[in-house]
Amino acid sequence: MAVICAPEIEQMERLDAPPTETQTLRQRGGWSLRPQPRIGLDLGSDDELLMVENLTEVRWIVYHNYHRLGMIEVGELLGFHVPKYGLLSVRPYEDTGDAVEYLVLPLTYNVTSVQVYRRQMGSEVDVYDLRAA
């Protein structure tokens, strides 16, 4: 049968060892005096803010890469937080029964605002278009 006893702390001998000192070693991959590249965090910012303004007398439905963002009323200015790549497209809200054509604009990082406007070509033809600013 095994005997279990508590260790006697008072009887432990003290070792005569020098005190330890922590030193940093400069090795490859260790501490460096040169600035290191920073990691970008995906926090909300104004970089993804896209302003869409309707300068026409028609209501439009706004899409980004075939995903519906919402409807923009006459003379309204809307702000959307979307990644600036792919396509921004709009189509008229009213169903006229004719074939509906989309206005399409490719997005880049430099695009901050988009305007939907109307211009006249000749005396009878109205053309709607998108303008990036």
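Residues numbered from 1 in each chain as written. Predicted model: local features only at pLDDT ≥ 70, side-chain atom pairs only at ≥ 80, totals over all residues. Heavy atoms only, no water.

Caption draft 1: Layout of the pattern of salt bridges. Enumeration over the complete set of coordinates arrives at four salt bridges. Residue Arg 59 pairs with Glu 73 through a salt bridge whose shortest N-O separation is 3.7 Å. Note that Arg 59 is positioned in the loop between β1 (49–54) and β2 (60–64) and Glu 73 in the loop between β3 (67–72) and β4 (77–81), a separation of 14 residues in sequence. Here Arg 118 makes a salt bridge to Asp 126, at a shortest N to O gap of 3.8 Å. For Asp 126, a relative accessible area of 37% gives the class partly exposed. (Salt bridge = Lys/Arg side-chain N within 4 Å of Asp/Glu carboxyl O. Helix = DSSP H or I, 4+ residues; strand = E, 2+ residues; numbered from the N terminus. Buried < 20%, exposed > 50% of the residue type's maximum accessible area, 1.4 Å probe, protein only.)

Caption draft 2: Region of interest: the sheet that holds strand β8 (residues 125–132). With mixed pairing, the four strands of this open sheet are ordered in space as β4-β1-β7-β8. Edge positions in the sheet fall to β4 and β8, since each of these pairs with one other strand and no more. Neighbour to neighbour, the strand axes of the sheet diverge by 25° on average, direction disregarded. (Pairing = 2+ DSSP bridges. Axes fitted to C-alpha atoms, helices over the stretch in contact; angles between N-to-C directions.)

All quantities given are derived from atomic positions and should not be read as evidence of function.
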